Amino acid sequence: MNLERRLLIEQGGAGHRGPELPGCDVPERPLAELLPGVRLRGPLRFPQVSEPEVVRHFIELSILNHHIDRGMYPLGSCTMKHNPKINDEIASLPGFALSHPLASDESSQGSLRVMFELQKVLAEITGFAAVTTQPSAGAQGEMTGLLMIRAWHRSRGEGERRTRVIVPDSAHGTNPASVHLLGWETVTIPSGEHATIDLQALERSLGDRVAAVMLTVPNTLGLFEPRILEVTRLAHAAGAQVYMDGANLNALVGLTRPGDLGFDVMHINLHKTFSTPHGGGGPGAGPVAVARHLEPFLPAPVIEERDGKLGLCHDRPRSVGRVHSFHGNFGILVRALAYILTLGPEGLSRMSCTAILNANYLMRRLAKSYELPHAEHCMHEFVLSGRGLRKYGVKTLDVAKRLLDFGVHAPTVYFPLIVEEALMIEPTETETLDRLDHFAEAMERIAEEARTAPEILRAAPLTTPSRRLDEGRAARELKLRWTAPSGAPDSAPLTRRS
Amino acid sequence: MGYPEDVRYTAEHEWARLEGGVVTIGITSYATEQLGDVVFVELPEVGRMLEAMKPFGVVEAVKTVSDLYAPLGGRVIEVNSALADNPALVNQEPFGEGWMIRLRPAKAADLQKLMTGPEYEKMIEEHQG
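My aim in this report is to walk through the structure given alongside it, one point at a time. In this numbering scheme, every chain counts its residues from 1 along its sequence in written order. Written order determines the labels here, with chains lettered from A and ligands numbered from 1. At least 70 in pLDDT is required for a residue's local features to be given in this predicted model, at least 80 for side-chain atom pairs to be given and counted, and no such filter applies to totals for whole chains, interfaces and linings, which use all residues. Hydrogen atoms and water are omitted, and side-chain values are computed over all heavy atoms in the structure.

### Topic: the pairing of strand β9 (residues 101-105) of chain B
Residues and elements named next belong to chain B. Burial status follows relative accessibility: with a 1.4 Å probe on protein chains alone, a residue under 20% of its type maximum counts as buried, one over 50% as exposed, and anything between as partly exposed. Only runs of H or I of at least four residues qualify as helices and only runs of E of at least two qualify as strands under DSSP, and these elements are numbered from the N terminus. Only one face of β9 is buried: it carries I101, L103 and P105, and the other face, with R102 and R104, is open. Here, a strand pair is defined by DSSP locating no fewer than two bridges between the strands. Summarising the sheet, strand β8 (residues 74-79) and β9 pair through five bridges and their orientation is antiparallel. Within β9, the residue paired with V79 across the bridge is I101.

Pasting the structure below:
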């Protein structure tokens, strides 16, 4: 057995530790004596491990994992691009990394400046009047945006009546979930021709009970909505607001601005488009940009500039309130600003153009081996269908598993729901032609294997640290807590050195 | 492949079987193939009134989460409590032990509006092109 693959609590032993601290120069007294009457817990059983044991443990975990630093990660809609290391370095500068969220405005001018400037450049990139950087992810951004829309309807005396949100079936799955969290009702409308929005269906669904229309642009098929101006016009004429899900902003930067198209609110996933580390649960950041009429409702506090000095303004009577403690995930905001300033306006639009070019290159090449349900030029991602492989007894899931053997993370599978056996592929702009070709060759070989050796695909992956997992059983028989194996030596509770 | 002919079908892949004035409802084998391993089924409370073609529950599978639609309206008189401990029944016997709810229909004649086995099979074939 690989020793490093044990849990930390199963490694080391009593007294194993990293730094050796000198003995305490004041006499020790029991905690219970110092805090009488307080319900103190007993000693906790922490792992006791030396520095090399800790290092090896986490290096081993990083080897077991697939991540963007190891190989291509074409996970559709997630924009798993390379995150330039200089952004981490800048975020690690002591002035940022050690700044305290409770420090006074006076002593936080640098950190406030970073957030203030980031809000300004995001507003410029998206074409909106103002931005909040509090929300910590796209879905929280969606909810923050909907809260502001609700506050706006309430301010006009229509809050009680307008409780429906129209969401096309090509939208992100989080949209209906955000609507539900507000206690509102989702009205799903089917896609029309070319899987883009059906204006007739939209018009039929609009009315005096509709609070908002949510549109994902480009949509989950990677297609640009060609009739956005009509959507925003129809929605506004019916008294509704239009929300743009900006998860796919990577295709649009420097090419078009949602604010100019008539959208009222959008969120931006900094951890996708603006290249901050993500995957494995974050942290991310989902700033929300709003048009002028929604500015009073932004989460408080907001940063204001007076006489060249920045300060937090809490006097925001119409604000929807805080949506995150302190300033959101500040380290992510630093990375995003560093990325934006490094690329500049030209670099950012080249980023989007290259993302679109890479996706179209792969799409045309793979359309020879897989079904391509929507053959229009795509934006930054595209959706193939694995249903042509069904006759060999092979599913999209098998293709996804087999890709792992080629050192590539699987694409998003079985989403969007409107394509059967869907494979949603987003190469991003940071993959070279050589890497794109490697991915395409792997996909072509897998299509060939489906015909000639389908049993390989059904058994895949063959070379990963863990073979195919029983996902059904893993979800049905949850084991949420580690228990000591019987007969194992009891690891001693942490003892203090005197 | 053939679907049972003693039940009627919806376009949302539910089936309904009328026996002695009570309608038993579940999802089809095609639905379970599409969903993959079912890991959780959320069902309504006994006594709730269901509206035809409105969601009455949720089926959660490894691949996706999907609403369940009532093939016809009526009052829920029983739910399959065995699914709480063993949701795999839905995969193993979608037309049998994997049933989901029983209801007393508001209008039993509405069953005739649903698809027959051959009609449902035809719809699936057309969908698969």
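### Some words on the sheet that holds strand β2 (residues 164-168) of chain A
All names here are of chain A. Taking strand neighbours across the sheet as the criterion, the seven strands line up as β1-β7-β6-β5-β4-β2-β3 in an open arrangement whose pairing is mixed. Looking at strand neighbours, the two that pair on one side only are β1 (130-132) and β3 (185-189), the edges of this open sheet. The sheet shows a mean angle of 25° between the axes of neighbouring strands, taken without regard to direction. Examined bridge by bridge, strand β5 (residues 241-245) and strand β6 (residues 265-267) share two bridges and lie parallel to one another. Bridged to Y243 within β6 is V265. Comment: axis = line fitted to C-alpha atoms, over the contacting stretch for helices; angle = value between 0 and 180 degrees taken between N-to-C directions.

### Brief notes about the pattern of salt bridges
Residue and element names in this part refer to chain A. Each salt bridge in this description consists of a side-chain nitrogen of Lys or Arg and a carboxyl oxygen of Asp or Glu lying within 4 Å of one another. This structure, assessed with the given rule, holds 32 salt bridges over all chains. In this structure, R292 and E295 form a salt bridge, with 2.8 Å as the shortest nitrogen-oxygen distance. Residue R468 is joined to D398 by a salt bridge in which the shortest nitrogen-to-oxygen separation is 3.0 Å. Taken together, the residues span a long stretch of sequence, with R468 in the loop between α14 (454-459) and α15 (471-476) and D398 in helix α12 (residues 396-403) at a distance of 70 residues. Overall, R468 belongs to the partly exposed group, its relative accessible area being 27%. It is possible to trace a salt-bridge network through shared partners that takes in R113, E117, K120 and E305.

### Brief notes about the packing of aromatic side chains
All names here are of chain B. Centres within 6.5 Å make a pair out of two Phe, Tyr or Trp rings, where for Trp the six-membered ring is used; the pair is then stacked when the planes are under 30 degrees apart, edge-to-face when over 60, and tilted otherwise. Per the counting criterion, the structure on display carries six aromatic pairs over all chains. Both rings, one in Y3 and one in Y9, keep their centres 6.1 Å apart while their planes meet at 70°; by these two values the pair is edge-to-face. A relative accessible area of 1% places Y9 in the buried class. Where Y9 meets Y120, the ring centres are 4.6 Å apart and the plane angle is 10°; that geometry is what we call stacked. Pair noted here: Y9 is in strand β1 (residues 8-9) and Y120 is in helix α4 (residues 117-128), with a separation of 111 residues, a long-range link. By way of ring pairs, the aromatic residues Y3, Y9, W15, F95 and Y120 are connected into one cluster. Remark: a charge is flagged as sitting over a ring if the NZ atom of Lys or the CZ atom of Arg is within 6 Å of the ring centre and within 35 degrees of the ring normal. Across the ring face of W99, the terminal group of R102 is positioned such that the distance to the ring centre comes to 3.9 Å.

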